[in-house]
Amino acid sequence: MKKHQVHNLIILDESGSMNSIKKTILNGFNELINSVKSIEKEFPEQEHYISIISFNSKNENNVIHFNEPVSKIETIDDKNYNPESSTPLFDAMGFSILKLKNFLSDKNNYSVLVTILTDGEENASKEYSLTSIKRIIEELKSENWTFTYIGTDHDIDKTTMDLNINNKIRFDKNGRGIKNMFKIETNSRIKYSLAIREGKLISDDDYYK
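Note that the structure is predicted; figures quoted are calculated from it, not measured. (Residues numbered from 1 in each chain as written. Predicted model: local features only at pLDDT ≥ 70, side-chain atom pairs only at ≥ 80, totals over all residues. Heavy atoms only, no water.)

Undergrad: So what's going on with the overall build of the chain? Which residues, and what values?
TA: For the chain, the helix and strand inventory stands at five helices and six strands. For the chain, the sequential pattern of α-helices and β-strands runs β-α-β-β-α-β-α-β-α-β-α. Here the C-alpha atoms of the chain give a radius of gyration of 16 Å, agreeing with the 17 Å that 2.2 N^0.38 yields for 209 residues. Referenced to the eigenvectors of the C-alpha coordinate spread, the extents of the chain come out at roughly 45 × 35 × 30 Å. Of all 209 residues assigned to the chain, the portion counted as buried reaches 52%. Considering only intrachain contacts with a sequence separation of at least 6, the fraction spanning at least 24 residues in the chain is 76%. A total accessible area of about 9900 Å² is found for the chain, and carbon and sulfur atoms account for 45% of it. Both charge centroids of the chain, one from 28 positive and one from 32 negative side chains, sit 4 Å from each other. (Helix = DSSP H or I, 4+ residues; strand = E, 2+ residues; numbered from the N terminus. Rg over C-alpha atoms; globule rule 2.2 N^0.38 Å. Buried < 20%, exposed > 50% of the residue type's maximum accessible area, 1.4 Å probe, protein only. Contact = heavy atoms within 4.5 Å. Areas by Shrake-Rupley, 256 points an atom, 1.4 Å probe, with all protein chains shown as cover. Lys, Arg positive; Asp, Glu negative; His and termini not counted. Charge placed at Lys NZ, Arg CZ, Asp CG, Glu CD.)

Undergrad: Describe the pairing of strand β5 (residues 145-151), naming the residues involved and giving the relevant values.
TA: Buried residues dominate β5, accounting for seven of its seven residues. Because side chains alternate across β5, one face comprises the buried residues Trp145, Phe147, Tyr149 and Gly151, and the other comprises Thr146, Thr148 and Ile150, equally buried. In the sheet, strand β4 (residues 110-118) pairs with β5 via seven bridges, with the strands oriented parallel. Counted as the bridge partner of Val114 is Phe147 from β5. Traced from β4 through helix α3 (residues 130-140) to β5, the parallel crossover comes out right-handed. Note: β5 against strand β6 (residues 167-170), four bridges, orientation parallel. Its bridge partner being in β6, Tyr149 is matched across the sheet by Lys168. Tracing the backbone out of β5, into helix α4 (residues 156-163) and back to the parallel element β6 gives a crossover that is right-handed. (Pairing = 2+ DSSP bridges. Right-handed = clockwise from strand over helix to strand, strands pointing away.)

Undergrad: Outline the environment of Asn166, listing residues and values.
TA: Among the structural elements, Asn166 can be located in the loop between α4 and β6. The exposure class of Asn166 is partly exposed, given its relative accessible area of 35%.

Undergrad: Which residues make up unusual backbone geometry, and what values do they have?
TA: We note that Asn109 has phi near 55°; this positive angle belongs to a residue other than glycine. Assignment of secondary structure puts Asn109 in the loop between α2 (89-103) and β4. At Asn144, a residue that is not glycine, the phi angle is positive and equals roughly 70°. Note on placement: Asn144 falls in the loop between α3 and β5.

Undergrad: An account of the side chain of Asn30 is needed here, citing residue identities and associated values.
TA: Along the chain, Asn30 turns up in helix α1 (residues 22-42). Residue classification places Asn30 among the buried positions, given a relative accessible area of 13%. There is a polar contact of 2.7 Å between the side chain of Asn30 and the backbone nitrogen of Ile76. Contacts of Asn30, omitting those with residues within four sequence positions, involve Glu74, Thr75 and Ile76. (Polar contact = N/O pair within 3.5 Å; in protein donor to acceptor, adjacent residues only side chain to side chain.)

Undergrad: An account of the packing of α2 against α3 is requested, with residue identities and associated values reported.
TA: What describes two packed helices is the angle between their axes and the distance between those same axes. It is the contact of α2 with α3, at a shortest axis distance of 10 Å, that shows an interaxial angle of 30°. With respect to α3, the axis of α2 lies roughly parallel. You can see that α2 and α3 cross each other, and the crossing is left-handed. Listed contacts from α3 to Phe90, Met93, Gly94, Ile97, Leu98 and Lys101 of α2 are Leu130, Ile133, Ile136, Ile137, Glu139 and Leu140. Residue classes in the contact of α2 with α3 are distributed as nine nonpolar, one polar and two charged. (Axes fitted to C-alpha atoms, helices over the stretch in contact; angles between N-to-C directions. Parallel < 35°, antiparallel > 145°, perpendicular 65-115°, else oblique. Left-handed = near helix turned anticlockwise from the far one by under 90°. Nonpolar A, V, L, I, M, F, W, Y, C, P; charged D, E, K, R; others polar.)

The following block contains the structure:
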């Protein structure tokens, strides 16, 4: 039987303000990758793929991983991730989402979980606007794409409302807050995979309740 593919797209803020939590964020993502590996074993009818794209206004979009089987991914370290400069959030979202959308254009039997993690608001995009990103999100939500926004140090409620994203996590910008955030994140991914197994996946549902 052909397995259902789950594409985990993570769009990670690499702007200068993330430097103070760099080590904790890297540790959390490495734990998250291990959790996705465990989820794949728990749900053997599913194949999980990871794409991680970080962004800032200096290096633009840094493709750390793209569509790689989670089983083959080891760890992310400071060779891959060095926060600096400002936050072109909408450009990063447009680039990352459309890159994966184009890759999947001739595929079927898949779902996509997009996670955006940032500690600040958009302040440097040149190609995409709030309106254009919202339009892309609304279109893809009808095609088994689920979007999650994880943030701190800005108005998360307003940002997610403006983007029409229901799933959201607000975290405290310290070690304990980040650790708790990744715990919630992992539990939500288990709920997501369970919904796929049971045929109850709803792209607009809130898996972070």
